[in-house]
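Structural overview
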Amino acid sequence: MPPANIPVWEEGGWAGLPSLDGDVEADVCVVGLGGSGLTCVGELLRLGASVVGVDASLVAGAAAGRNGGFLLAGSYHFYHDAAREYGHERARSIYRLTLEEMDRIEAETPGAVRRVGSLRIAASAEEEEDCREQLAAMRDDALPAEWYEGAEGRGLLIPTDGAFQPLVRARALARCALEGGARLYEHTPAVLMSGTEVATPHGRVRCGRVVVAVDGQLERLMPSLAGRVRTARLQMLATAPAPEVRFPRPVYLRWGYEYFQQLPDGRIALGGFRDYGGDAEWTDEAVPSESVQRFLEEFLRDRLGVRAPITHRWAAAVSYTPDGLPVFEEPEPGLFLIGGYSGTGNVIGALCGRAAAQLAAGGSSDLARPFMHG
Ligand SMILES: Cc1cc2nc3c(=O)[nH]c(=O)nc-3n(C[C@H](O)[C@H](O)[C@H](O)COP(=O)(O)OP(=O)(O)OC[C@H]3O[C@@H](n4cnc5c(N)ncnc54)[C@H](O)[C@@H]3O)c2cc1C
């Protein structure tokens, strides 16, 4: 039996951080130390702000350290759909900004990133047609994409995308932030937040601004968002090295519902079938379920031809928005909320974290512009 609910990314070696005990002051308090919050912390330090960061559990203890490890440009929608939904300018601007953010992610943590491209593989004739529409839209806007036919199937190759080790990267960002003077606390849930203060069970952070960087369960933390974001569970499994197959790039297929990659040592990490799980997957209970895990296992054996034993099964929560664009708002002066990446927050979440940092540091932010609603 695989160990319970531990992601394949866990390699040990994290000593942990203290919890907050007493009151502290800082220019900015960041709530949530996943990839988005840690990017925000790093950008704040770069801008000269003093920072306190708190996390209810562990650094990257939620989706940020428990995901598929894909680095994808753009937003939740495929490019042509995004252009239709949000308008051409906005879709193109988001795509270009995420491409730049991916370059920064690679430069910050080169050892954790592989820029090998990604494949979108069609699972039906209808989806193949949709891939062709996406390709045409991307070519029209001079964005890198190629038609692909190979062992994985037919669809698109996006050469600028990549894969990463999300937990290693997050911990590297946290160590770097600590060295840069940030004070970071684990096991420190924010229970009350305003633009100038964050209350936790054993201490308060008094500050000039607050950034809340939480994806899954955002509506629970911020009840004003109820109805605008909805939390879902996503599930994965991983195997021992599988020399019987070779997938050089991360692959997503069936409209992005399934996704898998082969790690450099041959292990397979596979996620998907949220829709097959039905309403039960609209939950913040971040534990694997028998039914979705069974679909994953069938896919692993029958579709991918992997025979290696399963070593990990895990789940985590993310939140979805109706339009597929992230939540990025300032509901009261000095309080910034980011989250709701609809299952694709590794790059766009980092971008939102950086943009929120620029605003919280008191400046303007070109990065924030495509995300600010209204
Ligand atoms: C199985 C799975 C596969 C995925 N695959 C991909 C993928 O391949 N590519 C991709 O781009 N995206 C993927 N995603 C989505 C992506 O993981 C998330 O969108 C992204 O990691 C969100 O990071 P975050 O830092 O914004 O938020 P989170 O990871 O949600 O981090 C928020 C942090 O805030 C903390 N927190 C919550 N409440 C409080 C509180 N009250 N006080 C203090 N701290 C609090 C949590 O403990 C957590 O550590 C996947 C998600 C899952 C679950």
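Scroll up to find the structure this text is about.
These remarks concern the structure in this document. Only a predicted model underlies this, so the values are computations on that prediction, with no experimental measurement involved. (Residues numbered from 1 in each chain as written. Predicted model: local features only at pLDDT ≥ 70, side-chain atom pairs only at ≥ 80, totals over all residues. Heavy atoms only, no water.)

1. What about the layout of surface pockets?
Where empty space is left becomes clear once a probe the size of a water molecule has been rolled over the atoms. Operational definition: The distinction between a cavity and a pocket rests on a 1 Å grid over the protein atoms alone: a 1.4 Å probe fits inside a cavity but cannot get out, while a pocket stays open yet meets protein on both sides within 12 Å along at least five of seven lines, and a residue with an atom within 4 Å of a point counts as lining. Grid points are joined across faces, edges and corners, and a volume is the space filled by probe spheres set on the points. Strands are runs of DSSP state E lasting at least two residues, helices are runs of H or I lasting at least four, and both sets are numbered from the N terminus onward. Here the nonpolar group is Ala, Val, Leu, Ile, Met, Phe, Trp, Tyr, Cys and Pro; Asp, Glu, Lys and Arg are the charged ones; every other residue, Gly included, is treated as polar.
Looking at the second largest pocket, its volume works out to about 240 Å³. Elements that contribute at least two residues to the lining of the second largest pocket include exactly α1 (35-46), α3 (88-108) and α5 (166-179). With six residues, α1 is the single largest residue contributor to the lining of the second largest pocket. Class assignment of the residues belonging to the lining of the second largest pocket gives a composition of five nonpolar, two polar and five charged.

2. Remarks on the pairing of strand β19 (residues 335-339)
Note the cut-off: Only protein chains enter the accessibility calculation, which uses a 1.4 Å probe; a residue whose area is less than 20% of its type maximum is buried, one above 50% is exposed, and one in between is partly exposed. Being paired, for any two strands, means DSSP has found at least two bridges between them.
Along β19, five of the five residues are buried, which leaves the element largely enclosed by surrounding structure. Both faces of β19 are covered, namely the face carrying L335, L337 and G339 and the face carrying F336 and I338. Between strand β18 (residues 327-332) and β19, which follow one another and run antiparallel, lie two residues, and G334 among them has a positive phi close to 85 degrees.

3. Details of the environment of R175
This is how the line gets drawn: Between two residues, a contact is recorded if the distance between any of their heavy atoms is within 4.5 Å.
Position of R175 relative to the elements: it lies in helix α5. We classify R175 as partly exposed; its relative accessible area is 40%. R175 has contacts with G13 and W14, leaving out every residue within four places of it along the chain.

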